[in-house]
Amino acid sequence: FRFGRRPDAPTEAAYSIGLYGIGMKRAMFKMGKMIDIKSSTESEAFDVMIDVDAWLASPTWDFDLEPKNPRENPGTTIRITELHDEVKAEFADPIFINKLRRSIARDYSIFLQNGFTVNVNDDAVLRHEFVLRESEQFVPVKQEYDDDSVHVEITAGMAGLPSDDSSAESPENSNPEVEYYGWFVLCNDRVVIAADKTSATVWGDEDFPVWHPQYNGFMGIASFRSERADLLPWTTTKRDIDLNDGTYRRAVRIMKEVTRQYIVYTTQRKADLEAAKALERNTRPVSVVSVEPSIRMVMPRLTRADVVNISYQKPRQKVLRAAEALGNRFMPYKQVGSEAFDYFYKRKVEE
């Protein structure tokens, strides 16, 4: 039991997410000052009690290990006490607890699917189901290939119904599902980057468009798997990607290609929004793991109807009051304008 892996340590199990042997211990030290570890297999067991302040004052990095008789139920228990003040405050905050549960459900979704269990305050965390929408007109893309000893799988498509109003200030863009739009990057099934909308993946990288609310509904997953965790394109924290890694840069080229297909569709759908919305509502959710391999994303082609765009600016408070008068304060601004035009036309033109 060491802080960090020694150079001659045995290789971790295949497809592990462990690499340096410091992540869990570093997390424990950040949480509190007293750490009690009890670990047992069917044939041997040990306890380790760490007084962090005393350990830091010691010239060595060793831990005292106390052998024990094997316990009836094999496993490892870590109890951390004398928590740091900021950690106490977070654990007492229900907003933090909810955020923690959502992060675990999302980042360890595949592990939870395969039988791993996590409890927060004695309540089991249910995994987040990554789904894309599918129909005859909408088919997600799924490309797989091997880059030396790393297997790469890129899946992308429409995860949610796009917004009617693509403006950044639209009330519709406060939809909580937005936190699942963008690119996800996984290494050995663990989410490293979640719902990214920056140049860390494709958005605004070189000549590629930056993220815009017009692209709401898009979700892409780039998964990297290898028997050797050190070949994966993550950083030491496992919460970021090495942007200069060759395997990752080659995957980004494909990620851009499939993302462009969705961008083209969201631009075309403006030509006949009602037809697009009808087709989108006809889709069904399908688990990402069930998506069939395909080279391209299938999206409907829409032709421009005999319509024109009307665009004008008005004070926000007046628009919100108009939306209330129309029966829905959260109505998209674009719809408020359309309703106002219809009201005027009916009374001043048709009459």
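One can find the structure itself at the top, above this paragraph.
Please read all numbers here as calculations on a predicted model, not as lab measurements.

Undergrad: Please provide a residue-by-residue account of the sheet that holds strand β12 (residues 218-225), values included.
TA: Taken in spatial order, the 5 strands make up an open sheet running β8-β9-β12-β10-β11, and their pairing is mixed. In the strand order of this sheet, the two ends are held by β8 (141-147) and β11 (190-196), each with one partner. Within this sheet the neighbouring strands show an average axis-to-axis angle of 10°, counted without direction. Of the pairings in the sheet, the one linking strand β10 (residues 182-187) to β12 comprises 6 bridges and is parallel in character. Along β12, the bridge assignment pairs Trp-183 with Gly-220. Strands in contact with helix α6 (residues 246-268) are β8, β9 (150-158), β10 and β12; relative to β9, the strand with the most contacts, it is inclined by about 15°.

Undergrad: A description of a nonpolar patch on the surface should follow, citing residues and the corresponding values.
TA: A surface patch of nonpolar side chains, amounting to about 760 Å² of accessible area, comprises Val-308, Ile-310, Tyr-312, Phe-341, Phe-344, Tyr-345 and Val-349. On the secondary structure map, Tyr-345 appears in helix α9 (residues 333-350).

Undergrad: Give me the pairing of β10: which residues, what numbers.
TA: Residues in a regular strand project their side chains so that they alternate between the two faces of the sheet. Extensive coverage of β10 is indicated by the burial of 6 of its 6 residues. Of the pairings in the sheet, the one linking β10 to β11 comprises 4 bridges and is antiparallel in character. The partner of Val-185 across the bridge, within β11, is Ile-193.

What counts, and at which threshold
Residues numbered from 1 in each chain as written. Predicted model: local features only at pLDDT ≥ 70, side-chain atom pairs only at ≥ 80, totals over all residues. Heavy atoms only, no water. Pairing = 2+ DSSP bridges. Helix = DSSP H or I, 4+ residues; strand = E, 2+ residues; numbered from the N terminus. Axes fitted to C-alpha atoms, helices over the stretch in contact; angles between N-to-C directions. Contact = heavy atoms within 4.5 Å. Patch = residues over 30% accessible without salt bridge, like charges linked within 9 Å, V, L, I, M, F, W, Y side chains within 5 Å. Areas by Shrake-Rupley, 256 points an atom, 1.4 Å probe, with all protein chains shown as cover. Salt bridge = Lys/Arg side-chain N within 4 Å of Asp/Glu carboxyl O. Buried < 20%, exposed > 50% of the residue type's maximum accessible area, 1.4 Å probe, protein only.

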